[in-house]
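The primary structure of each chain is shown beneath.
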Amino acid sequence: QVQLVESGGGSVQAGGSLRLSCAASKYTYSSYTMAWFRQAPGQEREGVVVVNSFGATTVAASVGGRFTAARDNAKTTLHLQMNALRPDDTAMYYCALKPGDILSLISSEFHYWGQGTQVTVSS
């Protein structure tokens, strides 16, 4: 089955940067879309960015201008560059994958999920 391995999380001070990576393996779909979601304690899971097989992206308005995402040439790894981090960015960040190329940040549409990587931003 598809496996997603996330890395790059950690603790930073406000204004700092982190780069998250999600590596997909055992994936056999001809096209697929990968995304980053995040969930803070007591809050609902929200979409952050999504990238399809063609490289088209959608970013959440809450992080636009600070976060960018890209997939590698093999389209098996999704990177999330997080700049100008704020304390309210603190959350568990999850990588997700779904077949097809329709951009979506609706969590229920994604079937495969990584284990999550914690991002903590201190004030």
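Every value quoted in this text rests on a predicted model; they were computed, and no experiment measured them.

Procedures and definitions
- Residues numbered from 1 in each chain as written.
- Predicted model: local features only at pLDDT ≥ 70, side-chain atom pairs only at ≥ 80, totals over all residues.
- Heavy atoms only, no water.
- Helix = DSSP H or I, 4+ residues; strand = E, 2+ residues; numbered from the N terminus.
- Buried < 20%, exposed > 50% of the residue type's maximum accessible area, 1.4 Å probe, protein only.
- Pairing = 2+ DSSP bridges.
- Axes fitted to C-alpha atoms, helices over the stretch in contact; angles between N-to-C directions.
- Disulfide = S-S within 2.5 Å.
- Polar contact = N/O pair within 3.5 Å; in protein donor to acceptor, adjacent residues only side chain to side chain.
- Lys, Arg positive; Asp, Glu negative; His and termini not counted.
- Salt bridge = Lys/Arg side-chain N within 4 Å of Asp/Glu carboxyl O.
- Contact = heavy atoms within 4.5 Å.

An account of unusual backbone geometry is requested, with residue identities and associated values reported.
The phi torsion of most residues other than glycine is negative, and most of the peptide bonds are trans. With phi around 50°, Ala-84 is a residue other than glycine that occupies positive phi space. If you trace the backbone, Ala-84 turns up in the loop between β8 (77–82) and β9 (91–99). For Ala-84, a relative accessible area of 37% puts it in the partly exposed group.

Give a detailed account of the sheet that holds strand β3 (residues 18–25), specifying residues and quantitative values.
Reading across the sheet, the four strands line up as β1-β3-β8-β7 and stay open at both edges, with antiparallel pairing between neighbours. Only two strands of the sheet have a single partner each, and these edge strands are β1 (3–7) and β7 (67–71). Neighbour-to-neighbour, the strand axes of this sheet turn through a mean angle of 15°, independent of strand direction. Across five bridges, β1 lies against β3 in antiparallel orientation. Its bridge partner being in β3, Ser-7 is matched across the sheet by Ser-21.

For the state of the cysteines, give the residues involved together with the corresponding values.
Under the criterion given, the structure shown has one disulfide. Note on cysteine connectivity: Cys-22 is disulfide-linked to Cys-95, with sulfurs 2.0 Å apart. Between Cys-22 and Cys-95, the S-S dihedral sits near -80°, and the bridge is therefore left-handed. On the criterion of sequence distance, the pair formed by Cys-22 in strand β3 and Cys-95 in strand β9 is long-range, its members being 73 residues apart. For the residue pair Cys-22 and Cys-95, the accessibility class agrees, reading buried in each case.

Residue-level account of the side chain of Thr-117, with values.
Mapped onto the secondary structure, Thr-117 falls in strand β11 (residues 117–122). A polar contact of 3.2 Å, which involves the side chain of Thr-117, links it to the backbone nitrogen of Gly-9.

Account for the side chain of Arg-71, with residues named and values stated.
Following the sequence through the fold, Arg-71 ends up in strand β7. For the buried residue Arg-71, which engages in no salt bridge, the nearest side chain bearing the opposite charge is Asp-101, 5.6 Å off. A polar contact of 3.2 Å, which involves the side chain of Arg-71, links it to the backbone oxygen of Val-51. Looking at Arg-71, its side chain comes within polar contact range of the main-chain oxygen of Asn-52, at 3.1 Å. Once you skip the residues sitting within four places of it in the chain, Arg-71 turns out to touch Tyr-32, Thr-33, Met-34, Val-51, Asn-52, Ser-53, Thr-77 and Leu-78.

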